[in-house]
Amino acid sequence: MTRTSSRVYKITQEGAFAVLAKAREVEAKGKNVIHMEIGEPDFDTPENIKRAAIEALAKGATHYTPTPGIPELRKAIAERISTDLGVNVDWKNVLVTLGCKEAIFASIMSIVDDGDEVIYPNPGYPAYESITAYAGGKPVPLRLSESNEFRMTPEEVNELMTSRTKAIIINSPHNPCGSVLRKEDVKGIVEVAEDRNAFVISDEIYYPILFDGLKHYSPLSFAKKDNVILVDGFSKRYAMTGWRLGYVVAPSDLVEPMTKLLNNLTSCPNQFVQYAGIEALRGPQDSVKQMVKAYEERRNAVMEKLKEIENITYLRPQGAFYAFINVQKILSRVGMNSEQLVARLIEDYGVAVLHGSSMGAYGEGFIRISFANSVENLIEGISRLKRAFNNMLRR
Ligand SMILES: Cc1ncc(COP(=O)(O)O)c(C=O)c1O
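Scoring rules and cut-offs
Residues numbered from 1 in each chain as written. Predicted model: local features only at pLDDT ≥ 70, side-chain atom pairs only at ≥ 80, totals over all residues. Heavy atoms only, no water. Helix = DSSP H or I, 4+ residues; strand = E, 2+ residues; numbered from the N terminus. Rg over C-alpha atoms; globule rule 2.2 N^0.38 Å. Contact = heavy atoms within 4.5 Å. Phe/Tyr/Trp six-rings, centres within 6.5 Å; stacked < 30°, edge-to-face > 60°. Buried < 20%, exposed > 50% of the residue type's maximum accessible area, 1.4 Å probe, protein only. Lys NZ or Arg CZ within 6 Å of the ring centre and 35° of its normal. Near = heavy atom within 4 Å. Polar contact = N/O pair within 3.5 Å; in protein donor to acceptor, adjacent residues only side chain to side chain. Areas by Shrake-Rupley, 256 points an atom, 1.4 Å probe, with all protein chains shown as cover. Nonpolar A, V, L, I, M, F, W, Y, C, P; charged D, E, K, R; others polar. Expected span 1.5 Å × (residues − 1). Core = buried A, V, L, I, M, F, W, Y, C linked by side-chain atoms within 4.5 Å. Salt bridge = Lys/Arg side-chain N within 4 Å of Asp/Glu carboxyl O.

Looking at the overall build of the protein chain
- Secondary structure assignment for the protein chain yields 13 helices and 13 strands.
- Relative to the globule expectation of 21 Å for 395 residues, the C-alpha radius of gyration of the protein chain, 21 Å, shows essentially globular dimensions.
- Along the first, second and third principal axes, the C-alpha atoms of the protein chain reach 60 × 55 × 55 Å.
- Looking at the protein chain alone, contacts between residues at least 24 apart form 75% of all its contacts between residues at least 6 apart.

The following block contains the structure:
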């Protein structure tokens, strides 16, 4: 018998945290580093939300709550889904979690048995692959590439479907590619899933962060069967990463098993944080609009500045706050992989980005730039990238 379970080795960690730690180490030695690696809004949580938490604390909201969250927050989530996505959701199908990550964990763990297949975007958010493997399932990557605009089409999904396909994970707007699924993509993927009785797990954490007037489509609005699991959270659009607040909208038959799982994991979300969540959803939404506007301005500035760099290719991100840049030509010429390149960029050039391989095997050859920094810093960061690539290629 080994001391550790074999299951625990199937888990991988998010690379962005490791890159941030490396960048901080270099900073501690006195070197200036521009941060473009971490997927965390640089904005502070809006004041009205912070005030609501403080008031809740003052009133004694420091206790356990029901496992799926306080009814008022579950109702506020259902209301916002109906306002923003145009879909009616019963608040009893809403389960509050500690971040979208716990929502993803609970969703996959509640439906995946040994050998069940889960189709997921690769490159993509690493938890999809990691948790599927942890659950004993088989992660089936759907390769996103520049040639398909980093989108997932129903045809591509259909090709990967087998009798063991339990779920298809979609994420739009997409981390790390900044791509957005079109209406026909989402509708078609729901149809493919329903035909084969598979679930669609839809990670919509970036849904209002859309550019160029684009619209978000949730699979919930096309579903004819009760097969869609929506996972979402407050981290990105309300700049609430550290509060750890998210939710699942689960099909009715999954509510009870998922509640039991969440009860064993965390008992309940923090009580005072849930009151802050109600304020986030029901209070003014101006700060969300301002942040989205700032991300779009940064996207525009980044796209303009990137034109100065040779030997790279990239698409114009349509949502989220990332640009995914193909640096394969540079890697081949300098004989490095993306992780080695990122280490060199931090140490020698004072610029931190995320290596594409940390977002899945098909992310190799790319780096991710996050717009969670000021325009001024992003421009300086890209200047450093330009200098770095020019120097490396000259040698
Ligand atoms: C696509 C995606 N889903 C889920 C999460 C997890 O967010 P949370 O902070 O709510 O756990 C992230 C965080 O980066 C993400 O990018």
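Let's talk about the packing of aromatic side chains
- Per the stated rule, a full pass over the model turns up 13 aromatic pairs.
- For the ring pair Phe105 and Tyr134, a centre distance of 6.2 Å and an interplane angle of 35 degrees mean the geometry is tilted. With Phe105 in helix H4 (residues 99-111) and Tyr134 in helix H5 (residues 127-134), this pair connects stretches of sequence that are 29 residues apart.
- When the centroid spacing of 5.8 Å and the interplanar angle of 35 degrees are considered together, the rings of Phe234 and Tyr238 count as tilted. Of the two residues, Phe234 and Tyr238, neither departs from the other in class, the shared state being buried.
- For Lys75, the ring lying beneath its charged end belongs to Trp91, and the centroid distance is 4.9 Å.

Points about the site of the ligand
- Near the ligand lie 14 residues; those nearest to it are Cys100, Asp203, Tyr206, Ser235 and Lys236.
- In this structure, an oxygen atom belonging to the ligand sits 2.7 Å away from a side-chain N or O atom of Ser235.
- Burial of the ligand by the surrounding chains reaches 93%, relative to a free accessible area of 400 Å².
- Per-element accounting of the shell around the ligand gives the leading share, 4 residues, to H4.
- In the shell around the ligand, the residues fall into 6 nonpolar, 4 polar and 4 charged.

A look at helix H10 (residues 286-306)
- The end-to-end C-alpha distance of H10 is 30 Å, a good match for the 30 Å that 21 residues give at a rise of 1.5 Å each.
- The set of residues buried in H10 consists of Val288, Met291, Val292, Ala294, Tyr295, Arg298, Arg299, Ala301, Val302, Met303, Lys305 and Leu306.
- In this fold, the buried residues of H10 make contact with strand E9 (313-314), strand E10 (322-326), strand E13 (366-370) and helix H13 (375-394).

What about the side chain of Ser179?
- Summarising the element assignment, Ser179 is placed in the loop between strand E5 (165-171) and helix H7 (183-195).
- Within the structure, the side chain of Ser179 is placed 2.7 Å from the backbone oxygen of Phe150, a separation counted as a polar contact.
- Contacts of Ser179, omitting those with residues within four sequence positions, involve Glu149, Phe150, Ser172, Pro173 and His174.

Here we look at the nonpolar core
- One finds Met152, Phe234, Leu345, Leu385 and Phe389 to be the most contacted residues of the largest nonpolar core, which totals 130 residues.
- Residues in contact with Met152, not counting those within four places in the same chain, are Ile119, Pro121, Leu142, Leu144, Val157, Ile168, Ile169, Ile170, Leu181, Asp185 and Ile189.

What to know about the pattern of salt bridges
- In the structure shown here, the tally under the stated rule is 26 salt bridges.
- The salt bridge partner of Glu72 is Arg282, with a shortest N-O separation of 2.9 Å. Of this pair, Glu72 sits in helix H3 (residues 71-85) while Arg282 sits in helix H9 (residues 271-282), placing them 210 residues apart in sequence.
- With a relative accessible area of 38%, Glu72 lands in the partly exposed category.
- Classification of Arg282 by relative accessible area gives partly exposed; the value is 39%.

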